[in-house]
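# Notes for the structure review
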Amino acid sequence: MPVPTISWVNGNVKIIDQTKLPHKLKYMTCRDVKTLWKAIKNLSVRGAPALGVSAAFGVLLGIKPFKGNNVKIFIKHVHKTCDYIGTSRPTAVNLFNALDQMRAVLSRHSGRSVAELRKQLKKEAMSIYQQDRKVCRRMGDFGARLIKANSRIMTVCNAGALATADYGTALGVMYSAKKRKKKFKVYACETRPLLQGARLTTWELLRAKIDTTLICDNMAASLMKQRKIDAIFAGADRIAANGDAANKIGTYNLAVLAKYHKIPFYIVAPRSTFDMGIRSGKQIPIEQRGKEEVTSFGGRPTAPKDVKVYNPAFDVTDSKLITAIVTEEGIIRPPFSANIKKKFLPLRKS
Ligand code: MRU
């Protein structure tokens, strides 16, 4: 059973501090929205679906200290809180979709008292959380059909229970396949610079007793050339209406390599990761992160302090490199623009 990554406990947000893994399974409690914002920024909580749930819970933290019964001021306060949470990380659209859902509560219940709005916001946040738990299992069940007997699967970053409310997207597929007693093994790319693959994915998969081998990112091509990989499964942070998918930096490398070596490349992501307001991946905002993530390794410097650094946290895989996208509504295959549209109506305006 995967570990609960995030939960709402006694009016606070309890998360696993993922910066401490794999050395320590340490929980932290966020009692106010600022603490949660920082936890998002420094990747204590991370992964697109988990960021959606964090954003919803963040709104609940943000309204905790609000005093009084003035509805107009309360609504302003909720919007301000949503805007603030929206400044944490730009790429995962789940975060913005969840904030939109929380804002929509206000218009759906206009004319209600502050107490009633608080109640409805809590209900919405809990439903975003529960929905994520549910859809991960559905995606897992659909995706498991794509795993053939004795497959050797490659994955990147961490798209597991730690990246969602529980169970995961790409790793959820593996959990479901294991439940069905399928035999397979996994190659996890370490995922520089912050090593989500090495620190988090291998930790999760080993706990689930899945045959797992860790590789450095630059070993992927050689494994594919040796015909040792049968399929690649990755998560996504934002999928455009044409199927272009942003995910952890390095995912695009794997997709290009997969095409060359004729290996199926699958994205596993829920509806909340789709941004139907943007036509292509060109419009996806890519988070740029601090240089110290690249100039050090495990806290030790690995480069001169004054070297220039380029550190985008995500890249975009063109839909033409994607074999299929596994969602909770089923498996979407090309042509993606038409088939995504058939499945999902627009969620948000960009
Ligand atoms: O920077 P991170 O660790 O938040 O990046 C996460 C990823 O890229 C995941 O693969 C993605 O969010 C999908 S999670 C199910």
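The following paragraphs examine the structure supplied in this document. Here, residues in each chain are numbered from 1, in the same order as that chain's written sequence. Reporting of local features is limited, given that this is a predicted model, to residues whose pLDDT is at least 70; pairs of side-chain atoms are given and counted only at 80 or more, and all residues count toward the totals for whole chains, interfaces and linings. As a rule here, side-chain values come from all non-hydrogen atoms in the structure, and water together with hydrogens is ignored.

## Section: the pattern of salt bridges
For this analysis, a salt bridge means a side-chain nitrogen from Lys or Arg found within 4 Å of a carboxyl oxygen belonging to Asp or Glu. In this structure the tally under the stated criterion is 13 salt bridges. Put simply, R108 and E124 hold a salt bridge, and the shortest N to O gap is 3.1 Å. Here E124 lies in helix α5 (residues 114–144) and R108 lies in helix α4 (residues 93–108), a separation of 16 residues in the sequence. With its nearest N and O atoms 3.9 Å apart, the salt bridge here joins K119 to E116. Within this pair, K119 and its partner E116 are both found in helix α5, separated by three residues, close to a single helical turn. Where salt bridges share partners, they join R89, E287, R289 and E293 into one cluster. Strands here are runs of E lasting at least two residues and helices are runs of H or I lasting at least four, both read from the DSSP assignment and numbered beginning at the N terminus.

## Considering the nonpolar core
In this text, buried Ala, Val, Leu, Ile, Met, Phe, Trp, Tyr and Cys residues form a nonpolar core when linked through side-chain atoms within 4.5 Å. For the exposure calls, accessible area comes from a 1.4 Å probe over protein chains only, and a residue counts as buried if that area is under 20% of its type's maximum, exposed if over 50%, partly exposed in between. Within the largest apolar cluster, 42 residues are counted, with the highest numbers of intra-cluster contacts made by V13, F57 and L121. Within the residue set of this core, elements represented by two or more residues are β1 (6–9), β2 (12–16), β3 (27–30), α1 (33–41), α2 (48–63), α3 (71–85), α4 and α5. If you tally residues by element for this core, the top one is α2, at 11 residues. Not counting residues within four places of it along the chain, the set of residues in contact with F57 comprises I6, S7, W8, V13, L36, A125, M126 and Y129. Membership of the second largest hydrophobic core comes to 32 residues, among which are Y187, I229, A269 and F274. Any two residues whose heavy atoms approach within 4.5 Å at even a single point are treated as in contact.

## Some remarks on the packing of α1 against α3
The N-to-C vectors of α1 and α3 enclose an angle of 25°; their axes lie 10 Å apart at closest approach. Judged on the interaxial angle alone, α3 and α1 are roughly parallel. The handedness of the crossing between α1 and α3 is right-handed. On α3, the residues touching V33, K34 and W37 of α1 are T81, Y84 and I85. Of the residues contributing to the contact of α1 with α3, the split by class is four nonpolar, one polar and one charged. Axis definition: a line fitted to C-alpha atoms, limited for helices to the stretch in contact. Angles are taken between N-to-C directions and run from 0 to 180 degrees. Roughly parallel refers to an angle under 35 degrees, roughly antiparallel to one over 145, roughly perpendicular to one between 65 and 115, and oblique to any angle outside these ranges. In this scheme, a crossing is called left-handed if the near helix is turned counterclockwise away from the far one by less than a right angle; it is called right-handed if the turn is clockwise. In this count, Pro and Cys sit with the nonpolar residues alongside Ala, Val, Leu, Ile, Met, Phe, Trp and Tyr, while Asp, Glu, Lys and Arg are called charged and the others, Gly among them, polar.

## Let's talk about the site of the ligand
The local shell around the ligand holds 17 residues, among which R46, A48, R89, N247 and K248 are the closest. Pairs of N or O atoms within 3.5 Å make up the polar contacts considered here, provided that, within protein, one atom can donate a hydrogen while the other can accept it, and that residues adjacent in sequence are counted only when both atoms are side-chain atoms. In this structure, an oxygen atom belonging to the ligand sits 3.1 Å away from a main-chain N or O atom of G47. Taking Q196, its side chain carries an N or O atom lying 2.9 Å from an oxygen atom of the ligand. With residues, only the protein chains shown are counted as cover, and all accessible areas are computed by Shrake-Rupley using a 1.4 Å probe. Protein chains bury 100% of the 410 Å² of accessible surface belonging to the ligand in isolation. More than half of the atoms of the ligand fall within 2 Å of the grid points belonging to the largest cavity. Put simply, the parts of the chain that give the shell around the ligand at least two residues each are α2 and β9 (245–248). Of the residues that constitute the shell around the ligand, the class distribution is seven nonpolar, six polar and four charged. Shared between two domains, the shell around the ligand takes at least three residues from each, and those domains are domain 1 (6–137) and domain 2 (142–349). Neighbouring residues are identified by heavy atoms, a residue being near a molecule or strand if any of them is within 4 Å of it. Cavity and pocket criteria rest on a 1 Å grid covering protein atoms alone: a 1.4 Å probe that fits but cannot get out defines a cavity, protein on both sides within 12 Å along at least 5 of 7 lines defines an open pocket, and an atom within 4 Å of a point defines a lining residue. Each molecule is assigned to a cavity or pocket provided more than half of its atoms lie within 2 Å of the corresponding grid points. An automatic or database domain assignment supplies the residue ranges for each domain.

## Quick notes on the environment of K248
In this structure, K248 sits in strand β9. Judged by its relative accessible area of 6%, K248 is buried. Spatially, the C-alpha atom of K248 lies 8.1 Å from that of T191, the residues being 57 residues apart in sequence. Those residues within four positions of K248 in sequence are excluded, and the remaining contacts are R89, C157, T191, Q196, D237, A313, F314 and D315. From its side chain, K248 meets the backbone oxygen of A313 in a polar contact 3.1 Å long.

## Concerning helix α6 (residues 170–179)
Burial analysis of α6 places eight of its 10 residues in the buried class, which makes it a mostly covered element. For α6, every residue scored as buried is listed here: A170, L171, G172, V173, M174, Y175, S176 and A177. Each element contacted by the buried residues of α6 is listed here: α5, β4 (151–155), β5 (184–189), α7 (196–207), β7 (231–234) and β10 (265–268). After α6 finishes, the residue K181 shows a positive phi value of roughly 65°.

## Quick word on the layout of surface pockets
Grid points are joined across faces, edges and corners, and a volume is the space filled by probe spheres set on the points. By volume, the largest pocket amounts to about 420 Å³. As for the largest pocket, its lining consists of 22 residues, and the residues nearest its centre are Q101, Q131, R271, S272 and E328. At the level of secondary structure, the elements contributing two or more residues to the lining of the largest pocket comprise α2, α4 and α5. Looking at the lining of the largest pocket element by element, the count peaks at seven residues for α5. Along the lines of polarity and charge, the residues of the lining of the largest pocket split into seven nonpolar, seven polar and eight charged. In terms of domain composition, the lining of the largest pocket takes at least three residues from each of domain 1 (6–137) and domain 2 (142–349). P193, L194, L195, R199 and G298 are, among the 18 residues lining the second largest pocket, the residues nearest its centre. The set of elements that each furnish at least two residues to the lining of the second largest pocket consists of α10 (292–295) and β12 (296–297).

## Examining the sheet that holds β4
Strand pairing is assigned whenever DSSP detects at least two bridges linking the two strands. Reading across from one edge, β6-β5-β4-β7-β10-β15-β16 is the order of the seven strands in this open sheet, with mixed pairing throughout. Looking at which strands have only one partner, the edges of the open sheet turn out to be β6 (212–215) and β16 (330–332). Averaged over all adjacent pairs, the angle separating strand axes in this sheet is 25°, with direction ignored. Summarising the sheet, β5 and β6 pair through four bridges and their orientation is parallel. Residue V186 lies in a different strand from β6, and its bridge partner there is T212.

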